[in-house]
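Understanding the architecture of this molecule
One-letter residues, chain by chain:
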Amino acid sequence: MTEKQTQSLDRDETSGSSRREEAEKPTGKEDVSRLGSYEFATETRRPFLRLLSYVRPYRWRFVAAIGFGIACGLFNAAIISAMQLVFKMLLPSDEDVISFKIPLVGAWEFQVPDVSDSQGLKIAILLSLLIPLAILLRGALNYLSQYFMMWVGNRVLYDLRDQLFTKLLHHSLSFYSKQKTGELIQTVVNQTQLAQGAGMKLVGSLAKHPVSILTMVGCLVYLDWIFALVALVVFPLCLVPVLTLSNKVRKAGGKEQEEAGKLMVTIQESFAGIRDVKAYAREDFEREKFNGASKRMLAFIMRWKKAVEIVGPLVEAVASLGIAAGLVYAKMTGMTAADFLIRYVILIALYPHAKALSRMQIELQKCRIATNMVLDNMVRNADVADAVDAGALPNPKGDVCFQDVSFAYKKGVPAVRGIDLRLQSGRFYALVGPSGAGKSTLFSLLLRFYDPDEGQILIGGSDLRHVTQASVRENISVVNQDTFLFHDTIETNIRYGKLDATIEEIEAVARKAHAHEFICEQDKGYQTVIGDKGHQLSGGQRQRISIARSILRDAPVLLLDEAYSALDTESEKIIQEAVEILAEGKTVIAIAHRLSTILDADEIIVMEEGCVVARGTHEELLKGCPLYKRLYKLQFASMEAV
Ligand code: ATP
């Protein structure tokens, strides 16, 4: 899927809570067990057809892969002809002259070489080389077919992963609040591979095996149709084990994927939360969860592997009855050894193709679920999407306006209600209120992580719904208490605010954020790698890197979300100075539980149960807002207690 295709999928997206429910719709995978046989067959084919659309950009190489696969299958006729000629010429027989026919090509008569003289021996050696030569040529065709199929398969896998990852990255926060990260990793890394592998295997096998089988059966019928009938009459019996076992494999394969997802979730959560795992000494608990999922996964793998592996011997056992029947027929008709050998070789050469074809059906059942999961994720609607005609924010200024905004994460439980706020450029606003009052929700709405159910939000006079999400977010800097830093150098972490920043710019913002000194004290200065989530730094140092990043971004709106709550008094003072530099000339909106940090705000907005209940300066609110007074007194009391 190209960018265009992704956009067209996005275009279907509607808005509001209904969209959030739409995105939650279950995927088709759970319903398959209830389908009838026709629907099941259609359901099985559909994912592969969808997958095949990814091959379109590489169609010529794909056609080459199929072409070489078919040529390889057809080349079996050449090998059989070469063997027939060599067997007749070189194996003991009473005939001095043999007649040799190739259908549609011609008929010849050959003198059987007398190996007692050197000329005859030379002919015999050259003749015997015909078979390895033919096999070598078939091998070359097979190699070319595999090469092109692998080439196309790798590109398809690359595109699938790229588009799935892009699609996931563009999903809104509501999607991530319901998903397990480990399962998403499992889908992007493993299930794309399974899906691609299944698709390519299917096409590769369908090009090669049926053509090989048809070619060999054709040769056998041409040589001796009665022998063919006697030997092949049992072949349809091979379908019995295949059909019986494929259902089992489908179920076990699906469960294995489920357990693989759980395994990934445990690994991801254990490592992401390693501090808490250790703090609570829960290593054994995590290990048990991991081993439980691992054990169940292996049990399901064993279950489907057993089913896949049993098919081969069953097909062989059934098919070898054909050889027994053929032997009886050969004895009854007084067939020569050369004649019987060529028929026998054809029968033996048929088995691997019959086996591969029967296994395909079984293995594909297992991989169908992966294909569905990947493709379902690909067409899943995002809650928040850019409008088709959305452009960049035309007037990137700091004026922010909430007009009668209401929003609910869950239907019927509003998180914010009837918010009317006009925040002027260059002023400092503070949001205060008890826990759950809706302060962070206002930030999320301003960043357009969600769209309001009612009302509108404007920046610089533009409704956020009519401009691109990227341009809205470029207009806003955020400083959180727990900044996410990447396992990379300090320089790269700061540069995240402006990807094309020079090292001079990076140093300048680090100085402004009071970070330059401690960065220089690190082993490798700006090139120091700061570990997972920046854990090789203190909380205050991480905060300063984050502020440097925000200064570099230089957006007109600054959101401070509990920026000082994790800091001691000394660090708080340093960070506050850094934030003051960052805030110069910007519209600042700060959420603060510590009221001491926002006493100088131009305006304090008090929220309760999703509504704005009062606005004013600290003094005004102390006089006129009982809730603010209570919050202030509570903190004052706790500060005095300290
Ligand atoms: P705090 O000061 O404790 O951070 P807050 O004022 O920022 O609280 P919000 O985080 O905006 O409050 O939460 C407002 C309401 O929305 C709460 O009732 C909360 O439980 C709910 N809520 C917040 N985030 C989600 C979410 N992702 N899904 C569902 N409900 C949510």
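1. A few points about the overall build of the protein chain
Within the protein chain, the secondary structure is distributed over 21 helices and 12 strands. Taking all 642 residues of the protein chain together, the buried fraction comes to 47%. Expressed as a percentage of contacts within the protein chain between residues at least 6 apart in sequence, the contacts between residues at least 24 apart total 77%. Carbon and sulfur atoms provide 58% of the accessible area of the protein chain, an area that totals close to 33,100 Å².

2. What to know about the site of the ligand
In the neighbourhood of the ligand, the contacting residues comprise Tyr409, Ala415, Pro434, Ser435, Gly436, Ala437, Gly438, Lys439, Ser440, Thr441 and His593. Within the contact set of the ligand, an oxygen atom lies 2.8 Å away from a backbone nitrogen or oxygen of Gly436. Between Ser440 and the ligand, the recorded distance is 2.7 Å, taken from a side-chain N or O atom to an oxygen atom. Relative to its unbound accessible area of 630 Å², the ligand is 61% covered by the protein chains. Examining the composition of the shell around the ligand, we find that 3 residues originate from one element, helix α13 (residues 439-446), more than from any other. Residue composition of the shell around the ligand, by class: 4 nonpolar, 6 polar and 1 charged.

3. Some thoughts on unusual backbone geometry
Even without being glycine, Asp404 reaches a positive phi, approximately 50°. Relative to the elements of secondary structure, Asp404 occurs in strand β3 (residues 400-410). You can call Asp404 partly exposed: its relative accessible area is 43%.

4. A word on the sheet that holds strand β5 (residues 428-432)
Sheet architecture is open: 6 strands sit in the order β8-β9-β10-β5-β11-β12, paired in mixed fashion. Edge positions in the open sheet fall to β8 (476-480) and β12 (611-616), since each of these has one partner strand only. Averaged over all pairs of adjacent strands, the angle between strand axes in this sheet comes to 20°, irrespective of strand direction. By the bridge criterion, 4 bridges tie β5 to strand β11 (residues 603-608) in an arrangement that is parallel. Note that in β11 the partner of Ala430 across the bridge is Ile604. Sheet strands touched by α13: β5, β8, β9 (557-561), β10 (587-591) and β11. Its angle to β10, the strand with the most contacts, is close to 145°.

5. Considering the environment of Ala198
Tracing the backbone shows Ala198 in helix α7 (residues 181-223). Overall, the relative accessible area of 2% leaves Ala198 in the buried class.

6. A few points about the pairing of β5
The buried fraction of β5 is high, at 4 of 5 residues. Relative to β10, β5 is paired through 4 bridges, and the arrangement is parallel. From the neighbouring strand, Phe428 faces β10, where its bridge partner is Val588.

7. Let's talk about empty space enclosed by the protein
For the structure shown, the criterion picks out 2 cavities of 30 Å³ or more. Here the largest cavity defines a volume of roughly 60 Å³. Taken together, Phe402, Leu421, Leu423, Leu431, Leu442, Phe443, Leu446, Ile589 and Ile605 make up the full set of residues lining the largest cavity. Within the residue set of the lining of the largest cavity, elements represented by two or more residues are β4 (413-423) and α13. Broken down by element, the residue count for the lining of the largest cavity peaks at 3 residues, all from α13. Residues that form the lining of the largest cavity fall into these classes: 9 nonpolar, no polar and no charged. Every residue along the wall of the second largest cavity is listed here: Leu445, Arg448, Tyr450, Asp451, Pro452, Gln456, Ile457, Asp463, Leu464 and Arg465. Residues that form the lining of the second largest cavity fall into these classes: 5 nonpolar, 1 polar and 4 charged.

8. Here's the deal with a positive patch on the surface
There is a patch of like positive charges on the surface, built from Lys248, Lys255, Arg303 and Lys306. Secondary structure elements with two or more residues in the positive patch: α9 (239-272) and α11 (283-333). By the secondary structure assignment, Arg303 is in helix α11. Assessed through its relative accessible area of 42%, Arg303 is described here as partly exposed.

9. What to know about the packing of aromatic side chains
Tallied over the full model, the rule gives 13 aromatic pairs. Centre to centre, the rings of Phe407 and Tyr409 are 5.0 Å apart; their planes meet at 80°, and the pair counts as edge-to-face. Note on Phe484 and Phe486: the rings are 5.1 Å apart at their centroids and 75° apart in plane angle, and the pair reads as edge-to-face. Phe484 gets classed as partly exposed once you look at its relative accessible area, which sits at 46%. Judged by relative accessible area, which is 30%, Phe486 ranks as partly exposed.

10. Focus on the packing of helix α4 (residues 59-90) against α7
Contact geometry for α4 and α7: axes closest at 8 Å, N-to-C directions at 25°. By the angle class used here, α4 and α7 are roughly parallel. Pair α4 / α7 crosses with right-handed handedness. In this structure, α4 contributes Phe62, Ile66, Gly69, Ile70, Cys72, Gly73, Leu74, Asn76, Ala77, Ile80 and Gln84 to the contact, and α7 contributes Val203, Ala207, Lys208, Val211, Ser212, Thr215, Met216, Cys219 and Leu223. Across the contact of α4 with α7, the residue classes break down as 13 nonpolar, 6 polar and 1 charged.

11. Here we look at a nonpolar patch on the surface
On the surface, a cluster of nonpolar side chains totalling about 380 Å² of accessible area is made up of Leu121, Ile125, Leu126 and Leu129. Residue placement: Leu129 occurs in helix α5 (residues 118-169). For Leu129, a relative accessible area of 45% gives the class partly exposed.

12. Observations regarding the confidence of the model for the protein chain
Caution applies to low-pLDDT regions: their predicted coordinates should not be interpreted in detail. Residue-level pLDDT values for the protein chain average 80, and 86% of them are 70 or greater. The low-confidence segment residues 1-42 (pLDDT under 50) makes 55 contacts with residues lying over four places distant or belonging to another chain.

13. Points about α11
Spanning 51 residues, α11 covers 74 Å between terminal C-alpha atoms, matching the ideal 75 Å at 1.5 Å per step. Among the residues trailing α11, Gly334 stands out with phi positive, at a value near 65°.

14. A short note on the packing of helix α8 (residues 225-232) against α11
Put simply, α8 and α11 touch, their axes get as near as 7 Å, and they point 145° apart. Between α8 and α11 the crossing geometry is right-handed. Contact residues: Ile226, Phe227, Val230 and Ala231 in α8; Gly322, Ala325, Gly326 and Tyr329 in α11. The class makeup of the residues in the contact of α8 with α11 is 6 nonpolar, 2 polar and no charged.

About the cut-offs
Residues numbered from 1 in each chain as written. Predicted model: local features only at pLDDT ≥ 70, side-chain atom pairs only at ≥ 80, totals over all residues. Heavy atoms only, no water. Helix = DSSP H or I, 4+ residues; strand = E, 2+ residues; numbered from the N terminus. Buried < 20%, exposed > 50% of the residue type's maximum accessible area, 1.4 Å probe, protein only. Contact = heavy atoms within 4.5 Å. Areas by Shrake-Rupley, 256 points an atom, 1.4 Å probe, with all protein chains shown as cover. Near = heavy atom within 4 Å. Polar contact = N/O pair within 3.5 Å; in protein donor to acceptor, adjacent residues only side chain to side chain. Nonpolar A, V, L, I, M, F, W, Y, C, P; charged D, E, K, R; others polar. Pairing = 2+ DSSP bridges. Axes fitted to C-alpha atoms, helices over the stretch in contact; angles between N-to-C directions. 1 Å grid on protein atoms, 1.4 Å probe; cavity = no way out; pocket = protein on both sides within 12 Å on 5 of 7 lines; lining within 4 Å. Points joined across faces, edges and corners; volume = space filled by probe spheres on them. Patch = residues over 30% accessible without salt bridge, like charges linked within 9 Å, V, L, I, M, F, W, Y side chains within 5 Å. Salt bridge = Lys/Arg side-chain N within 4 Å of Asp/Glu carboxyl O. Lys, Arg positive; Asp, Glu negative; His and termini not counted. Charge placed at Lys NZ, Arg CZ, Asp CG, Glu CD. Phe/Tyr/Trp six-rings, centres within 6.5 Å; stacked < 30°, edge-to-face > 60°. Parallel < 35°, antiparallel > 145°, perpendicular 65-115°, else oblique. Left-handed = near helix turned anticlockwise from the far one by under 90°. pLDDT = per-residue confidence, 0-100. Expected span 1.5 Å × (residues − 1).

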